[in-house]
There are 4 protein chains.
Amino acid sequence: MKILLTGFEPFNGEKINSSWEVVQSLGEKNPGPGEIIVCCLPTVFGEGLKKIIAAVDSIQPQLIIGTGQAGGRSELCVERVALNVADAEIRDNQGQQPLDEPIRPRGPTAYWSTLPIKSMVKRIREEGIPARVSNSAGTYVCNEVMYGVLHHLEAGQIPARAGFIHIPFLPQQAIGRPGTSTMALETAVRGLEVALQSALKD
Amino acid sequence: MKILLTGFEPFNGEKINSSWEVVQSLGEKNPGPGEIIVCCLPTVFGEGLKKIIAAVDSIQPQLIIGTGQAGGRSELCVERVALNVADAEIRDNQGQQPLDEPIRPRGPTAYWSTLPIKSMVKRIREEGIPARVSNSAGTYVCNEVMYGVLHHLEAGQIPARAGFIHIPFLPQQAIGRPGTSTMALETAVRGLEVALQSALKD
Amino acid sequence: MKILLTGFEPFNGEKINSSWEVVQSLGEKNPGPGEIIVCCLPTVFGEGLKKIIAAVDSIQPQLIIGTGQAGGRSELCVERVALNVADAEIRDNQGQQPLDEPIRPRGPTAYWSTLPIKSMVKRIREEGIPARVSNSAGTYVCNEVMYGVLHHLEAGQIPARAGFIHIPFLPQQAIGRPGTSTMALETAVRGLEVALQSALKD
Amino acid sequence: MKILLTGFEPFNGEKINSSWEVVQSLGEKNPGPGEIIVCCLPTVFGEGLKKIIAAVDSIQPQLIIGTGQAGGRSELCVERVALNVADAEIRDNQGQQPLDEPIRPRGPTAYWSTLPIKSMVKRIREEGIPARVSNSAGTYVCNEVMYGVLHHLEAGQIPARAGFIHIPFLPQQAIGRPGTSTMALETAVRGLEVALQSALKD
């Protein structure tokens, strides 16, 4: 059983991206069951999606979980749905800022996550780690990756489950940002580990 | 060098109190320099203060740091000042709810913390842990303990430094409280450790 | 030009629903252009949608804007998309609590609002009133009404524009809820008026 | 019966200051009882305080209420206490940034407001307007004015009541600040009017 787990590179002037920190740590821990293959995506419209699709095609994982940083949130957010739109409030790492553009012009308006999102949230919470189902993955690069992968799986009739989880800032990212919620690396890694286990069996 | 470090027992229906969890862990770690003596105070007006004063008199610490839980905050809050008022929005663990009562009828309106609060915040942040100076310790049992200890030290001309730190919820306390900020036990313990070191030398 | 404008009845123990208060006020003001017909929907899965569809069929409006209360938000939220799911965290006014049920089993995953959402937000802000595009109308009765109306229009090839706006609490609803954002009735009414004008011409 | 009501000029790059907008409007409304005299203070350490003391001495009001803008708060905040410290996180309008300086080197640590703060909050809320007692007026120019006036009244044995109220942003100030709480001008003016009436009779 192969699991593809992705995070993003830093963006918007940040020095780190919590998603990649967490994914890297979980990859090193590699707790099983299943083999975790990690991948760091560029925070660039088009490029991030290309890279994850290439990884899906070469690795042929049974489970694909993308992660991204959601600064300001206090909980692990298991995403329910991805929308067929790229609409950026800030520029990506190549200076692009698409506005209200479809990701796949002939694609459906949205794809549901094919992960057991309610079970995942339940199990993360049972570990004492804050989590919730989120009804919006935004309209930035994270949503594009989630939408694009689900579209690729459907188009290619590839029998893998896929979805996305948003991760709060790490504590060090809140220095200089008064009142900002964070989650410790160990907490987020453990939460993601439990989420993976749930995605494999629930 | 003896350090008295206090936390509070759970209140308001909670099963744990983050301040006592953190204080207990740091006491067990006992990283030095200095000997940490921990003490759990009842969340009861009058009783909490009595217990910490008795501990001060018997242990004769050079440094006294009270801690309390501040649910909803995202940072370690090093308190600047304690006010001569008890004004409770919720009942304490014995059902008391004082309203606008002075803690010491002949005491001054307020006492400054005698800790190096700015240095403590700076050093905690250098560890990548969110912290700030707080200008209000509230008007509940935490503020009473901070005010009462500072009054006791002044009245008895006891040459010890004293102050108070508020601690966010632990992650497990946010389950069922959507959108609530938390801090992991390890993060808060490390922050408190650094704060103690700063209070000893800055 | 007929405009159907709906709000919801109070739910979850509230005495009022900000959406209906605002809609009623704007209906009485009736500023033109266009004739505003207002309608108060029951906060009941199935029933709210039935009532608005009946109103659409009998009134035959060219513009349909549903509104709902989004307690805790600080801005008028012009919704981008409605999802084909009913998933309730609290019971509706008839005690129903659907979990992960499709609204229309054969319907698409989502419908885009057919309103000029970016222009609406821009014009509301030009009046000095906080507003934003929202990427999630939730999964409660509001989303059901938005999804169901857009599905009805598409299925019947009815040439009307439709969408949804979420409205913050009114100030009086925050009494007893410390730290909760609100918007004054006059502010929300003016914002909705400008949104309507934008929807008619942009 | 003369009432001195002050607000502050804009600072920190803002074009308006909600406190002066509200104070000006209430002054123009002049609802009685009592004669309201309004005054706009410079947001400058030392200068703001000088100007309000000059006004107190020349007008000889029986009631003095300072107001200031507290961006981000959602409620009218009736301040309980002023601290003898100036500690600025941002520069004032003359570029000054005092750090941990006493306002009056021989003054007490703090002064209580001499207004009926609990009654004021109660009456504002009865109007359906969010309000609360605040235990910190900060350590910026607002706190300096509150502390300095109370010190002036005590030193001169002047039989006037005095205190301070913090006012949220107006709605237009939240444009470009997503998720920021605001209060409409009319709401804040009405709340302040009721607060004044309470201060005169309770």
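Residues numbered from 1 in each chain as written. Chains lettered and ligands numbered in written order. Predicted model: local features only at pLDDT ≥ 70, side-chain atom pairs only at ≥ 80, totals over all residues. Heavy atoms only, no water.

1. Considering the confidence of the model for chain A
Atomic detail in the predicted coordinates should be set aside for any region of low pLDDT.
Part 1 of the reasoning: Looking at chain A as a whole, its pLDDT mean stands at 97, while 100% of the residues score no less than 70.
Part 2 of the reasoning: Quick note on the complex model: pTM equals 0.97, ipTM equals 0.96. (pLDDT = per-residue confidence, 0-100.)

2. Quick notes on unusual backbone geometry
One can expect most non-glycine residues to show negative phi and most peptide bonds to be in trans.
Part 1 of the reasoning: The phi torsion at Asp100(B) lies on the positive side, around 50°, for a residue other than glycine.
Part 2 of the reasoning: Relative to the elements of secondary structure, Asp100(B) occurs in the loop between β5 (81-83) and β6 (110-112). (Helix = DSSP H or I, 4+ residues; strand = E, 2+ residues; numbered from the N terminus.)

3. A few points about helix α5 (residues 185-201) of chain B
Every α-helix carries 3.6 residues per turn, so stepping three or four residues along brings you back to the same face.
Part 1 of the reasoning: Between its first and last C-alpha, α5(B) extends 25 Å over 17 residues, near the 24 Å set by a 1.5 Å rise per residue.
Part 2 of the reasoning: Here α5(B) has its buried residues at Thr187(B), Ala188(B), Val189(B), Gly191(B), Leu192(B), Glu193(B), Val194(B), Ala195(B), Leu196(B), Ser198(B) and Ala199(B). (Expected span 1.5 Å × (residues − 1). Buried < 20%, exposed > 50% of the residue type's maximum accessible area, 1.4 Å probe, protein only.)

4. Quick notes on the interface of chain C and chain A
Part 1 of the reasoning: Contact with chain C, which involves 16 residues of that partner, is made by 16 residues of chain A.
Part 2 of the reasoning: Run the count over chain C and chain A and you get eight salt bridges.
Part 3 of the reasoning: Among the ionic pairs, Arg80(C) bridges to Asp100(A), the shortest N-O distance being 3.0 Å.
Part 4 of the reasoning: Scanning the region where chain C abuts chain A turns up 10 residue pairs in polar contact (both at pLDDT 80 or more). (Contact = heavy atoms within 4.5 Å. Salt bridge = Lys/Arg side-chain N within 4 Å of Asp/Glu carboxyl O. Polar contact = N/O pair within 3.5 Å; in protein donor to acceptor, adjacent residues only side chain to side chain.)

5. Thoughts on the arrangement of the chains
Part 1 of the reasoning: With no contact formed, the shortest span from any C-alpha in chain B to any C-alpha in chain C equals 11 Å.
Part 2 of the reasoning: You won't find any contact between chain A and chain D; their C-alpha atoms come no closer than 11 Å.

6. Overview of the interface of chain B and chain D
Part 1 of the reasoning: With 16 residues of chain B at the contact, the number on the chain D side is 16 residues.
Part 2 of the reasoning: Interface of chain B and chain D: buried area, both sides summed, is about 1300 Å²; carbon and sulfur atoms make up 56% of it.
Part 3 of the reasoning: Here Asp100(B) makes a salt bridge to Lys118(D), at a shortest N to O gap of 2.9 Å.
Part 4 of the reasoning: Inspection of the chain B/chain D interface yields 10 residue pairs in polar contact (both at pLDDT 80 or more).
Part 5 of the reasoning: For the side of chain B that touches chain D, the secondary structure elements donating two or more residues are β5 and β6 of chain B.
Part 6 of the reasoning: Residue composition of the side of chain B that touches chain D, by class: six nonpolar, six polar and four charged. (Buried area = accessible area lost by both parts, 1.4 Å probe. Nonpolar A, V, L, I, M, F, W, Y, C, P; charged D, E, K, R; others polar.)

7. Describing the relation of the copies chain C and chain A
Part 1 of the reasoning: For the match of chain C to chain A, the screw axis carries a shift of 0.0 Å, the RMSD comes to 0.0 Å, and the turn is 180°. Here the transformation between the copies is reduced to the relation of a two-fold axis.
Part 2 of the reasoning: Both copies contact each other with a shared surface, as 100% of the interface residues of chain C are interface residues in chain A too. (Least-squares fit on C-alpha atoms with pLDDT ≥ 70 in both.)

8. Some points on the pattern of salt bridges
Part 1 of the reasoning: Following the criterion strictly, the structure yields 52 salt bridges over all chains and no others.
Part 2 of the reasoning: Note that Arg177(B) is salt-bridged to Glu14(B), the shortest N-O span being 2.4 Å. With Arg177(B) in the loop between β8 (161-167) and α5 and Glu14(B) in the loop between β1 (2-8) and α1 (18-29), the pair connects residues that are 163 residues apart, well separated along the chain.
Part 3 of the reasoning: On the basis of relative accessible area, Arg177(B) is assigned to the partly exposed category, the value being 29%.
Part 4 of the reasoning: Among the salt bridges present, the one from Lys122(C) reaches Glu126(C), with a minimum N-O distance of 3.1 Å. Linking Lys122(C) with Glu126(C), this pair stays in helix α3 (residues 117-126), spanning four residues, or about one helical turn.

9. Brief notes about the sheet that holds strand β8 (residues 161-167) of chain D
Residue and element names in this part refer to chain D.
Part 1 of the reasoning: Spatially, the six strands line up as an open sheet ordered β2-β1-β3-β8-β4-β7, and their pairing is mixed. The two strands at the open ends of the sheet, each matched to only one other strand, are β2 (35-41) and β7 (131-134). The average angle at which neighbouring strand axes cross in this sheet is 25°, direction not considered.
Part 2 of the reasoning: Looking at chain direction, strand β4 (residues 76-79) and β7 are connected through four bridges and run parallel. Residue pairing in the sheet places Cys77 in a bridge with Arg132 of β7.
Part 3 of the reasoning: Relative to strand β3 (residues 63-69), helix α5 (residues 185-201) is tilted by about 150°, and along the sheet it contacts β1 (2-8), β2, β3, β4 and β8. (Pairing = 2+ DSSP bridges. Axes fitted to C-alpha atoms, helices over the stretch in contact; angles between N-to-C directions.)

10. Considering the pairing of strand β2 (residues 35-41) of chain B
Residues and elements named next belong to chain B.
Part 1 of the reasoning: Sheet analysis places β1 next to β2, joined by seven bridges and oriented parallel. Across the sheet, the residue bridging to Leu5 is Val38, located in β2.
Part 2 of the reasoning: After leaving β1, the chain enters α1 and then returns to the sheet as β2, a path that is right-handed. (Right-handed = clockwise from strand over helix to strand, strands pointing away.)

11. Comments concerning the packing of aromatic side chains
Part 1 of the reasoning: Tallying each qualifying case throughout the model produces 12 aromatic pairs over all chains.
Part 2 of the reasoning: Summarising the aromatic geometry, the rings of Tyr111(B) and Tyr147(B) are spaced 5.0 Å apart at their centres and angled 55° between planes, so their arrangement reads as tilted. In this pair, Tyr111(B) sits in strand β6 while Tyr147(B) sits in helix α4 (residues 141-155), placing the two residues 36 residues apart along the sequence. The residues Tyr111(B) and Tyr147(B) share a single accessibility class, namely buried.
Part 3 of the reasoning: Pairing Phe45(D) with Tyr140(D) gives two aromatic rings, centres 5.4 Å apart and planes at 85°, and the pair type is edge-to-face. Of this pair, Phe45(D) sits in the loop between β2 and α2 (47-59) while Tyr140(D) is found in the loop between β7 and α4 (141-155), placing the two residues 95 residues apart along the sequence. As far as the burial class goes, Phe45(D) and Tyr140(D) line up, both buried.
Part 4 of the reasoning: Taken together, Phe11(A), Phe45(A) and Tyr140(A) form an aromatic cluster joined through their ring pairs. (Phe/Tyr/Trp six-rings, centres within 6.5 Å; stacked < 30°, edge-to-face > 60°.)

12. A word on α1(B)
Residues and elements named next belong to chain B.
Part 1 of the reasoning: Its 12 residues place the ends of α1 17 Å apart at the C-alpha level, agreeing with the 16 Å of an ideal helix rising 1.5 Å per residue.
Part 2 of the reasoning: All of the buried residues in α1 are Ser18, Ser19, Trp20, Val22, Val23, Leu26 and Gly27.
Part 3 of the reasoning: In the segment just after α1, Asn30 is the residue with positive phi, at about 40°.

13. Points about the relation of the copies chain B and chain D
Part 1 of the reasoning: The transform that puts chain B on chain D rotates by 180° and translates by 0.0 Å along the axis, for an RMSD of 0.0 Å.
Part 2 of the reasoning: Interface overlap between copies: 100% of the residues of chain B at the interface are likewise at the interface in chain D, consistent with a symmetric, same-surface contact.

14. Regarding the sheet that holds strand β3 (residues 63-69) of chain A
Residue and element names in this part refer to chain A.
Part 1 of the reasoning: Pairing in this open sheet of six strands is mixed, and the strands run β2-β1-β3-β8-β4-β7 from one edge to the other. Looking at which strands have only one partner, the edges of the open sheet turn out to be β2 (35-41) and β7 (131-134). Averaged over all pairs of adjacent strands, the angle between their axes in this sheet comes to 25°, without regard to strand direction.
Part 2 of the reasoning: In the packing of helix α1 (residues 18-29) onto the sheet, the strands contacted are β1 (2-8), β2, β3 and β8 (161-167), and the crossing angle to β1 comes to about 150°.

15. Here's the deal with the environment of Pro171(B)
Part 1 of the reasoning: Structurally, the position occupied by Pro171(B) is in the loop between β8 and α5.
Part 2 of the reasoning: Distance in space between the C-alpha atoms of Pro171(B) and Leu185(B) is 8.2 Å, their sequence separation being 14 residues.
Part 3 of the reasoning: Sequence-distant contacts of Pro171(B), defined by excluding residues within four places in its chain, comprise Gly128(A), Pro130(A), Thr187(A), Thr182(B), Met183(B) and Ala184(B).

16. Here we look at the packing of helix α1 (residues 18-29) of chain C against helix α5 (residues 185-201) of chain C
All names here are of chain C.
Part 1 of the reasoning: Packing of α1 against α5 leaves a shortest axis separation of 9 Å and a crossing angle of 65°. The handedness of the crossing between α1 and α5 is right-handed. Counted together, Glu21, Val22, Val23, Ser25, Leu26 and Lys29 of α1 and Leu185, Ala188, Val189, Leu192, Glu193 and Leu196 of α5 form the full contact between these two elements.
Part 2 of the reasoning: Here the contact of α1 with α5 is built from residues that sort into eight nonpolar, one polar and three charged. (Left-handed = near helix turned anticlockwise from the far one by under 90°.)

17. Some thoughts on the environment of Glu193(C)
Residue and element names in this part refer to chain C.
Part 1 of the reasoning: In this structure, Glu193 sits in helix α5.
Part 2 of the reasoning: Sequence separation between Glu193 and Ser119 is 74 residues; the distance between their C-alpha atoms is 13 Å.
Part 3 of the reasoning: Residues within four places of Glu193 in sequence aside, it is in contact with Leu26, Lys29 and Pro31.
Part 4 of the reasoning: At a separation of 3.2 Å, a polar atom in the side chain of Glu193 contacts the side chain of Arg190.

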